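Listed here are the chains, written in short residue letters.
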Amino acid sequence: MTADTADTAEQRPPAKGTRKPLFRKRSAIPGFGLTMGVTLTVLSLIVLIPLSAVVLKAAQQSPAEFWAVATSERSIAAYKLSFGAAFVAAAINGVFGVLTAWVLVRYEFPFKTLVNALVDLPFALPTAVAGIALATLYAPTGWVGQFLTPLGIKAAYNPVGVVIALTFIGLPFVVRTIEPVLRDAAADVEEAAASLGASRVQTIARVIAPALAPAWLTGFAMAFARGVGEYGSVIFIAGNMPYRSEIAPLLIIIQLEQFEYARAATIAVVMLTVSFLMLLVINVIQAWARRFD
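Residues numbered from 1 in each chain as written. Predicted model: local features only at pLDDT ≥ 70, side-chain atom pairs only at ≥ 80, totals over all residues. Heavy atoms only, no water.

S.K.: Quick one: what's the story with the overall build of the protein chain, residue by residue and with numbers?
M.R.: When helices and strands are counted, the protein chain shows 14 helices and zero strands. Overall, the protein chain shows an N-to-C arrangement of helices and strands of α-α-α-α-α-α-α-α-α-α-α-α-α-α. Taken over 293 residues, the protein chain has a buried fraction of 32%. Only carbon and sulfur atoms are counted for the fraction: they give 69% of the accessible area of the protein chain, which is about 18300 Å². (Helix = DSSP H or I, 4+ residues; strand = E, 2+ residues; numbered from the N terminus. Buried < 20%, exposed > 50% of the residue type's maximum accessible area, 1.4 Å probe, protein only. Areas by Shrake-Rupley, 256 points an atom, 1.4 Å probe, with all protein chains shown as cover.)

Structure below.
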């Protein structure tokens, strides 16, 4: 076979009887069907079936009963605190997490390894231990609280304490999400922007921020999601006063202790729905931001 004949054979369209894969390209390594089956099975057992059970339990009530529980004054106050405090804590971590990741990536200093390990401490620390430690520190007679009390700042046993606890447990999500992006981002690009006359503000706004935006949104979403469902580290410092410092997960526990399983499931379904919608919006924004990479 000559070279011209070989080229013609390569350019020839496939025969009519040849089936093209509909959803994926063929891979040199087989196993798509098996791995997809295992993935769907695990997701169903761990995620879909438990969540469906919660929805079915809440559906045992009439629509009027469901609405009454979901929109009660106590439930609304708990939603506002849980989602509001989680959002504020994620925003705080969005600022200080970037600064922490920048210092860990771009600078060398003594005890850097120790500082790097301290960032991961909220991952390994039991949430109850974190809550007790924070309550001890920020109580009116605590090491930190005793200096805030004369200033009229009450950092424990109120919504401020909830934000402090959620900030503590959410910081590693932002730092560890942004850190790899900063490592991959070459400092030469920033130096080139400075050599072309860009100010520091312009370099941050036009060079650094666009590169970090998708990772920042991911870290923000993870910190927010963790904060919404956090329980152990919050109840010790929140005060747990109904209508003021009572979080939604605590309200679910209270309903369960009173054997009101359908009411607890109703609150859980509301939190699940709102969390899913907010995470969906954040993922849409991430997908939109990646279009400009």
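S.K.: Report on helix α9 (residues 159-184), specifying residues and quantitative values.
M.R.: If you check α9, its first and last C-alpha atoms are 38 Å apart, about what 26 residues at 1.5 Å a residue would give, namely 38 Å. A maximum bend of about 40° is found in α9 at G170, where proline P172 lies one to four positions downstream. (Expected span 1.5 Å × (residues − 1). Bend = angle between axes of the 7 residues up to and from the residue.)

S.K.: I'd love a proper account of the packing of aromatic side chains, names of residues and values included.
M.R.: Inspection of every chain in the model, using the stated rule, returns five aromatic pairs. Judged by centre distance (5.1 Å) and plane angle (90°), the ring pair of F123 and F173 falls under edge-to-face. Remark: F173 occurs in helix α9 and F123 occurs in helix α6 (residues 121-124); sequence separation between them is 50 residues. Among the aromatic side chains, those forming a connected cluster through ring pairs are F87, W216 and F220. Sitting over the face of the ring of W102, R106 holds its NZ or CZ atom 4.5 Å from the ring centroid. (Phe/Tyr/Trp six-rings, centres within 6.5 Å; stacked < 30°, edge-to-face > 60°. Lys NZ or Arg CZ within 6 Å of the ring centre and 35° of its normal.)

S.K.: Give a description of the side chain of S233 that names residues and reports values.
M.R.: If you trace the backbone, S233 turns up in the loop between α11 (200-229) and α12 (235-238). In terms of polar contacts, S233 uses its side chain to reach the side chain of E230, at 2.7 Å. Apart from the residues within four sequence positions on either side, S233 is in contact with T127, A130, G131, A165 and I169. (Polar contact = N/O pair within 3.5 Å; in protein donor to acceptor, adjacent residues only side chain to side chain. Contact = heavy atoms within 4.5 Å.)

S.K.: Can you break down unusual backbone geometry residue by residue, with the values?
M.R.: Of note, the phi angle at F111 is positive, near 60°, even though the residue is not glycine. Locating F111 in the fold gives a position in the loop between α4 (73-106) and α5 (112-119). Unusually for a residue other than glycine, Y243 sits at a positive phi of about 70°. Relative to the helices and strands, Y243 resides in the loop between α12 and α13 (248-257).

S.K.: So, the environment of A101: which residues are in play, and what are the values?
M.R.: By the secondary structure assignment, A101 is in helix α4. Distance from A101 to I178, taken between C-alpha atoms, is 6.6 Å for residues 77 residues apart in sequence. Here A101 is in contact with V175, I178, E179 and L182, once residues within four sequence places are set aside.

S.K.: Could you give an account of the side chain of Q61, naming the residues involved and the relevant values?
M.R.: One can find Q61 in the loop between α2 (32-58) and α3 (63-70). Owing to a relative accessible area of 14%, Q61 belongs among the buried residues under this scheme. Reaching out from Q61, the side chain makes a polar contact with the side chain of T266 at a distance of 2.4 Å.

S.K.: Hey, could you go over the packing of α4 against α13 for me, with residue numbers and the actual values?
M.R.: The N-to-C vectors of α4 and α13 enclose an angle of 140°; their axes lie 8 Å apart at closest approach. Taken together, the axis directions place α4 and α13 in an arrangement best described as oblique. Mapping the contact onto sequence places R74, S75, A78, Y79 and S82 in α4 and A248, P249, L251 and I254 in α13. Along the lines of polarity and charge, the residues of the contact of α4 with α13 split into six nonpolar, two polar and one charged. (Axes fitted to C-alpha atoms, helices over the stretch in contact; angles between N-to-C directions. Parallel < 35°, antiparallel > 145°, perpendicular 65-115°, else oblique. Nonpolar A, V, L, I, M, F, W, Y, C, P; charged D, E, K, R; others polar.)

S.K.: Could you give me a rundown of the nonpolar core, with the residues and numbers involved?
M.R.: If you look at the biggest cluster of nonpolar residues, it comprises 50 residues, and the most contacted ones within it are Y79, V162, L166, V234 and M271. Looking at this core, the elements with two or more residues in it are α3, α4, α7 (127-138), α9, α11, α12, α13 and α14 (261-290). Take this core: its biggest share by element is 11 residues, from α4. Among residues more than four places away in sequence, those in contact with L166 are A85, A86, A89, N93, G227, E230 and V234. (Core = buried A, V, L, I, M, F, W, Y, C linked by side-chain atoms within 4.5 Å.)

S.K.: Any details on the environment of R244? Residues and values, ideally.
M.R.: Assignment of secondary structure puts R244 in the loop between α12 and α13. The class for R244 is partly exposed, based on a relative accessible area of 46%. A C-alpha to C-alpha distance of 7.9 Å links R244 and L81, two positions 163 residues apart in sequence. Filtering out sequence-adjacent residues up to four positions away, R244 remains in contact with L81, N158 and P159.

S.K.: Break down the pattern of salt bridges for me, citing the residues and quoting the values.
M.R.: Summed over all chains, the structure comprises seven salt bridges. A salt bridge links D120 to R176; its shortest N-O distance comes to 2.8 Å. Of this pair, D120 sits in the loop between α5 and α6 while R176 sits in helix α9, and the two are 56 residues apart along the sequence. The exposure class assigned to D120 is partly exposed, which follows from its relative accessible area of 30%. The residue R226 makes a salt bridge to E230 at a minimum N-O spacing of 2.9 Å. When salt bridges that share partners are traced, they join D120, R176, E179 and R183 into one network. (Salt bridge = Lys/Arg side-chain N within 4 Å of Asp/Glu carboxyl O.)

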